[in-house]
Amino acid sequence: MTVNSKYPNLLKPLDLGFTTIRNRVLMGSMHTGLEEEKNGFDKLAAFYEERAKGGVGIIVTGGISPNLRGRLAPHGSQMSHFWHVNKHKKITEAVHKYDSKICLQLLHAGRYGYHPFSVAPSKIKAPISPFSPSAMSDRSIRGTINDYAKSSKLAKKAGYDGVEIMGSEGYLINQFICSRTNKREDQWGGSFENRMRFPVEIVKAVREAAGEDFIIIYRLSMLDLVEDGSTYEEVVALGKEIEKAGATLINTGIGWHEARVPTIATSVPRGAFTWVTGKLKKELTIPLITTNRINDPEFAEEVLARGDGDMVSMARPFLADPYFVTKTEEGKEESINTCIACNQACLDHVFQGKRASCLVNPQACYETELKFYPTQAKKKIAVVGAGPAGMAFSSYAAEKGHEVHLFDKNQEIGGQFNYAKQIPGKEEFYHTIRYFADRLNKAGVHIHLGEVKTVDDLASGYDEVILATGIQPRDITIPGHDHEKVYGYLDVLRDHKPVGERVAVIGAGGIGFDVSEYLTESESLTLQPEKWMAEWGIDPSYENPGAIKRPEHQPASRQVYLLQRKQTKVGAGLGKTTGWIHRSTLKNKRVEMLAGCTYKEVNDQGLIIEIDGQEKLLEVDHVIVCAGQEPLRDMYQELADKGVSVHIIGGADVASELDAKRAIRQGAELASEI
Ligand code: FAD
Ligand code: NAP
Ligand code: SF4
């Protein structure tokens, strides 16, 4: 193994006494959906094997329940019987071909169980679940502790190096710890000593069942970020008891799922919460793992160097790039496919019951299905458009051995990602362009910028032509549509035309929201962690339980109306796990979000709309049109008519509901076939 001296902390082995971890990188738990799919364990084994080959120190699997009632969903996975063991062996054997460890995460959902048989310390429904849990009896609590012990023993039999006991994010163990959800009056409730009895007994029972040569990671909720969450003193007391009970490592948990504070979205500053692990580290002796929004090796090194943890946990960055660690070891950091924390293909999929993947890496969780083999018949290929679709196609096709010429009329690659990266809180999108620039270059793609190709140019000399020309923004046609105060979103994001103090945004899709954020936020809080924490009511002094306080909102830099014609809630179509963040951000900026609008006219006074049967003048200086997009595919038919083998991908193919996830996957899939 090459050791890159730039990373003395990150790449240093960790000696646990009975075993050694090859570096300080833990791949955090992620449910992929393969756990419940038919033949999913073969695919899951390939998924984990790729990450082990990529050099990660310890992998933690997606959450597996220790019993039936603890399942997240009715068909959720469980490790309770000897017949569950065999399929897990496929995973552990695949991972152990390399020098990586793998731990099974034991997760009892408690009141977050999405089924009518869920249980909890007290009968209190979670605000994010339609089901009311039953309160556990003393017998059921003791039985559940035994189930954790039994599952750990089975995990060991299946070849796992250890388990992670999920004690955070508001799941069952967390529900016992906090008075918010634990109203019991017996020995499992009341005083903190009683409330923490459940996790402490679990760790003791697991240690006894699995023996000394077994890793026990306890995921401790260090910041609950909800009312009536733990105080800092309670977190310290619990950490000490967990350590005494026999845990090997303590991992960091941030925020319950029901917390109204973003914890992993792209607008969360990098490493926004590592300070709490650093604070707790001073109180404990076993190694601590820090986490959340760490996606870059230099940043991870900095976090460890400043003492915020002994290891770092990264989860989504390993969907984006299985070779994160080896690339770091070999000094090829610029080749890392950076996770942009969009959640679009990972968490959003899981919450919709779909298989997880990754927007920037469509091979994630499709390792056995989306394959790229060296070509036997080298072709000369023209790709028109260097947006996400064109960049993805070109890099995969050139890596297969084709001669690829990539043309863009602009002077830079990246397509619309060049606009996305300017939105406050979307700075990470720059890294996708940086990654593809490196990859296209290494794959030997011939890049021709500032070149517009005609049909005649493309009709001869190429074996295949790929149109990845993207979209054009849709115009509006109401009276006054050509008034000087009407802008398209490109006038704002590309041409940076001056925008007045009062603005109406027509169209409340992803771009309407982004433009509204761009216009109301004078500075990106994502780059200023202290102000970001104040905005979302996080209390770094930890004076209140749950570390929350009254939010201090930054004033809006403009007055914005965000409008749509539909009667549905504005923003209803945004990402499943991130839409609420965008809606809250604009609400805090006092943006007026109006549904059910009919646009009547733009004139010198502003924009006239009809809403609830009444005409209303919005006195605005500018009207910015974000009314969706049309495909830009004018050359397609002519090329096809000339008998050219032409393919169309990304927005040029279908503009409606287009996102970069589809554009990149479509580019990759076409490249795998050509
Ligand atoms: P484009 O990105 O449009 O690329 C097309 C390229 O073709 C351009 O570079 C263009 O210059 C070039 N081109 C066009 N015609 C020619 C020609 N004749 N000759 C040469 N070159 C040509 N998506 C998400 O998934 N998540 C987000 O969070 C997100 N945020 C966004 C925020 C903003 C502000 C914007 C504007 C878009 C956002 N998108 C987001 C959408 C995403 O960027 C697009 O879905 C994606 O870029 C489409 O990729 P594409 O390659 O099909 O087209
Ligand atoms: P979009 O999501 O389709 O939204 C277009 C908006 O314009 C809708 O609100 C629509 O609402 C309105 N509209 C449509 N036709 C109109 C017309 N003729 N006149 C007036 N209004 C009209 O498209 P987008 O906002 O341009 O985004 C493009 C794609 O980029 C999206 O599909 C999205 O996936 C992606 N994106 C994603 C994110 C993200 O955070 N995930 C962010 C930005 C962009 P009404 O019909 O109700 O008026
Ligand atoms: Fe990261 Fe987005 Fe990929 Fe999820 S889909 S792993 S958040 S880049």
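In this text the structure is predicted, and so the values were computed from the model without any measurement.

Asks: Sorry, what's going on with the overall build of the protein here?
Replies: When helices and strands are counted, the protein shows 22 helices and 27 strands. Each principal axis of the C-alpha atoms in the protein carries an extent, and together these give about 75 × 65 × 45 Å. The buried share of the protein, taken over its 674 residues, is 60%. For the protein, contacts bridging at least 24 residues in sequence account for 72% of all contacts bridging at least 6.

Asks: Sorry, what's going on with the sheet that holds strand E27 (residues 646–648) here?
Replies: Backbone hydrogen bonds hold the strands of a sheet together, and the pairing may be parallel or antiparallel. Ordered in space as E15-E14-E13-E16-E27, the five strands form an open sheet in which the pairing is parallel. Two strands close off the open sheet at either side, each with one partner strand: strand E15 (446–449) and E27. Ignoring strand direction, the axes of neighbouring strands in this sheet form an average angle of 20°. Pairing between strand E16 (residues 464–467) and E27: three bridges, direction parallel. Its bridge partner lying in E27, Val465 is registered against Val646.

Asks: Sorry, what's going on with helix H7 (residues 232–245) here?
Replies: For an α-helix, the turn length of 3.6 residues means that residues three or four places apart are oriented alike. In this model H7 runs 20 Å from its N-terminal to its C-terminal C-alpha over 14 residues, within 8% of the 20 Å that 1.5 Å per residue would give. Of the surrounding elements, those touching the buried residues of H7 are helix H4 (172–177), helix H5 (192–195), helix H6 (197–210), strand E9 (215–223), strand E10 (249–254) and helix H8 (274–281). Residue Gly246 follows H7 closely and has a positive phi angle near 120°.

Asks: Got a minute to help me understand the side chain of Glu333 in this structure?
Replies: Examined against the element boundaries, Glu333 turns out to sit in the loop between helix H11 (324–329) and helix H12 (347–351). Residue Glu333 is classed as buried on the basis of its relative accessible area, which comes to 16%. In terms of polar contacts, Glu333 uses its side chain to reach the side chain of Tyr7, at 2.6 Å.

Asks: Teacher, can you tell me more about the sheet that holds strand E24 (residues 614–618) here?
Replies: The three strands lie next to each other as E22-E23-E24, forming an open sheet whose pairing is antiparallel. Here the strands that pair on one side only, and so sit at the sheet edges, are strand E22 (598–603) and E24. The average angle at which neighbouring strand axes cross in this sheet is 20°, direction not considered. In this sheet, E24 lies alongside strand E23 (residues 606–611) in antiparallel orientation, the contact comprising five bridges. What sits directly across from Leu607, in E24, is Leu618.

Asks: Explanation requested: the site of ligand 2 in the structure shown.
Replies: In the vicinity of ligand 2 there are 22 residues, among which Ala508, Ile511, Arg565, Lys566 and Leu658 approach most closely. A distance of 2.8 Å separates an oxygen atom of ligand 2 from a polar backbone atom of Lys566. Taking 890 Å² as the accessible area of ligand 2 by itself, protein coverage stands at 76%. Sorting elements by how many residues they give to the shell around ligand 2 places helix H18 (residues 510–520) first, with three residues. Each of domain 2 (380–473 + 632–673) and domain 3 (486–521 + 556–627) contributes no fewer than three residues to the shell around ligand 2.

Asks: It is not clear to me how the nonpolar core should be interpreted in this structure. Could you clarify?
Replies: Nonpolar side chains tend to gather and get buried jointly when the protein is soluble and globular. Ile165, Phe198, Tyr218 and Phe393 are the most contacted members of the largest nonpolar core, which has 151 residues in total. Each of two domains, domain 1 (14–351) and domain 2 (380–473 + 632–673), supplies a minimum of three residues to this core. Discounting chain neighbours no more than four positions away, the residues touching Tyr218 are Ile165, Gly167, Ile173, Ile177, Pro199, Val203, Leu238, Ile242, Ala247, Leu249, Ile250 and Asn251. Among the nonpolar cores identified, the runner-up in size contains 24 residues, and Ile423, Ile471, Val515 and Leu574 belong to it.

Asks: Where do I start with the site of ligand 3 in this structure?
Replies: Around ligand 3, the structure places Arg316, Leu319, Cys339, Ile340, Ala341, Cys342, Asn343, Ala345, Cys346, Cys358, Leu359 and Val360. In terms of residue class, the shell around ligand 3 is made up of ten nonpolar, one polar and one charged.

Asks: Looking at this model, I keep getting lost on the packing of H6 against H7. Mind explaining?
Replies: Helices that pack against each other are described as a pair by the angle of their axes relative to one another and the distance between those axes. At a minimum axis distance of 8 Å, the contact between H6 and H7 shows a crossing angle of 20°. On the basis of their axis angle, the class for H6 and H7 is roughly parallel. Where H6 crosses over H7, the two elements pack in a sense that is right-handed. Residue-level contacts link Pro199, Val200, Val203, Lys204 and Arg207 of H6 to Leu238, Glu241, Ile242 and Ala245 of H7. Broken down by class, the residue content of the contact of H6 with H7 amounts to six nonpolar, no polar and three charged.

Asks: Teacher, can you tell me more about the pairing of E22 here?
Replies: The two faces of the sheet receive side chains in turn, since in a regular strand these alternate between them. Note: E22 against E23, five bridges, orientation antiparallel. Note on E23: the bridge partner recorded for Tyr599 is Ile609. Where E22 folds back on E23, the antiparallel hairpin that results is connected by two residues.

Asks: Whenever I open this one, the packing of aromatic side chains confuses me. Can you help?
Replies: Aromatic ring pairs: the centre-centre distance and the angle between the two ring planes describe each pair. One pass over the structure, following the stated rule, counts 13 aromatic pairs. Their ring planes at 50° and their centres at 4.9 Å tell us that Phe417 and Phe429 sit as a pair that is tilted. Separated by twelve residues along the polypeptide, Phe417 in helix H14 (residues 417–420) and Phe429 in the loop between H14 and helix H15 (430–443) bring together distant segments of the chain. In this structure Phe417 comes out as buried when scored by relative accessible area, which is 6%. Against the face of Trp580 rests Arg260, its NZ or CZ located 4.2 Å from the ring centre. Between Arg633 and the ring centre of Tyr636, over which it is positioned, the NZ or CZ distance is 5.4 Å.

Asks: Looking at this model, I keep getting lost on the pattern of salt bridges. Mind explaining?
Replies: It is possible for side chains bearing opposite charge to pair when their charged atoms get close. Going through the model one piece at a time under the given rule, you end up with 43 salt bridges. In this structure, Lys453 and Glu451 form a salt bridge, with 3.3 Å as the shortest nitrogen-oxygen distance. The salt bridge involving Glu523 is made with Lys531; its shortest N-O contact spans 2.8 Å. Taken together, the shared-partner salt bridges in this structure form one network comprising Glu37, Lys43, Arg355 and Glu369.

Asks: What is the right way to read the environment of Ile581 from this model?
Replies: On the secondary structure map, Ile581 appears in helix H20 (residues 579–588). Excluding residues that lie within four positions of it along the chain, Ile581 makes contacts with Pro262, Ala265, Ser267 and Trp536.

Asks: I tried to follow the domain arrangement of the protein on my own but got confused; where do I start?
Replies: Interface size is often expressed as the accessible area that is lost when the parts come together. According to the domain assignment, the protein consists of domain 1 (14–351), domain 2 (380–473 + 632–673) and domain 3 (486–521 + 556–627). Computed from C-alpha atoms alone, the centre-to-centre distance between domain 1 and domain 2 is 39 Å. When domain 1 packs against domain 2, the two sides together hide about 1,200 Å² of surface, and 47% of this comes from carbon and sulfur. Together, Glu334, Ile340 and Gln344 form the three largest contributors to the area buried by domain 1 at its contact with domain 2, with a combined 39%. In this assembly, domain 1 and domain 2 are joined by three salt bridges.

Asks: What am I meant to see in the packing of helix H13 (residues 388–399) against helix H22 (residues 660–673) here?
Replies: Running from N to C, H13 and H22 cross one another at 25°; their axes reach a closest spacing of 7 Å. The angle between H13 and H22 falls in the class roughly parallel. Like other packed secondary-structure pairs, H13 and H22 cross with a definite hand, here right-handed. Counting all contacts with H13, which are made through Pro388, Ala389, Ala392, Phe393, Tyr396 and Ala397, the residues of H22 involved are Ala660, Ala663, Ile664, Gly667, Ala668, Leu670 and Ala671.

Asks: In this structure, what is going on with the pairing of strand E20 (residues 559–563)? I would like to understand it.
Replies: The element E20 is largely enclosed, with a buried count of four among its five residues. Here five bridges tie strand E19 (residues 502–506) to E20, and the two strands are oriented parallel to one another. By the bridge assignment, Ala504 is partnered in E20 with Tyr561. Direction of pairing for E20 relative to strand E21 (residues 592–594): parallel, over a ladder of three bridges. Following the sheet pairing, Leu563 is matched in E21 by Leu594. Note on the crossover from E20 through H20 to E21: the handedness is right-handed.

What counts as what
- Per chain, residue numbering runs from 1 following the sequence as it is written.
- Chain labels run from A onward and ligand labels from 1 onward, assigned in the order the entries are written.
- Selection of residues for local features in this predicted model requires a pLDDT of at least 70, selection of side-chain atom pairs for listing and counting requires 80 or more, and totals for whole chains, interfaces and linings are taken over all residues.
- No hydrogens and no water enter the side-chain calculation; it runs on all heavy atoms of the structure.
- Helical segments are the DSSP runs of H or I of at least four residues, strand segments are the runs of E of at least two, and each set is numbered from the N terminus.
- Burial classes follow relative accessibility: with a 1.4 Å probe on protein chains only, a residue under 20% of its type's maximum area counts as buried, one over 50% as exposed, and anything between as partly exposed.
- Between two residues, a contact is recorded if the distance between any of their heavy atoms is within 4.5 Å.
- A pair of strands is treated as paired once DSSP finds two or more bridges between them.
- Note on geometry: axes are lines fitted to C-alpha atoms, helical ones only across the stretch in contact, with angles between N-to-C directions running from 0 to 180 degrees.
- The span expected for a helix works out to 1.5 Å for each residue beyond the first.
- Whenever two N or O atoms come within 3.5 Å, that pair is a polar contact, provided that in protein one can donate a hydrogen and the other can accept it, and provided that, for residues adjacent in sequence, both atoms are side-chain atoms.
- For this purpose, a residue is taken to be near a molecule or strand whenever a single non-hydrogen atom of the residue falls within 4 Å of it.
- Accessible surface is estimated by sampling points in the Shrake-Rupley manner with a 1.4 Å probe; for residues, cover comes only from the protein chains shown.
- Where each domain begins and ends is defined by an automated method or by a domain database.
- Residues enter a nonpolar core if they are buried and are Ala, Val, Leu, Ile, Met, Phe, Trp, Tyr or Cys, with the set joined through side-chain atoms within 4.5 Å.
- Here the term charged refers only to Asp, Glu, Lys and Arg, the term nonpolar to Ala, Val, Leu, Ile, Met, Phe, Trp, Tyr, Cys and Pro, and the term polar to all other amino acids, Gly among them.
- With respect to orientation, any angle under 35 degrees is reported as roughly parallel, any angle over 145 as roughly antiparallel, any angle of 65 to 115 as roughly perpendicular, and every other angle as oblique.
- Each crossing gets its hand from how the near helix is turned against the far one by less than a right angle, where anticlockwise is left-handed and clockwise is right-handed.
- For this analysis, a ring pair means two rings from Phe, Tyr or Trp (six-membered ring only for Trp) whose centres lie within 6.5 Å, classed as stacked if their planes differ by under 30 degrees, edge-to-face if by over 60, and tilted for the remaining angles.
- For a lysine, the NZ atom is tested; for an arginine, the CZ atom; a charge sits over a ring if that atom is within 6 Å of the ring centre and within 35 degrees of the ring normal.
- By convention in these notes, a salt bridge is any Lys or Arg side-chain nitrogen within 4 Å of a carboxyl oxygen on Asp or Glu.
- Summed over both partners, the accessible area lost on bringing two parts together, with a 1.4 Å probe, is the buried area.
- Crossover handedness is defined here as right-handed if the route from the first strand over the helix to the second strand goes clockwise, with the strands pointing away from the viewer.

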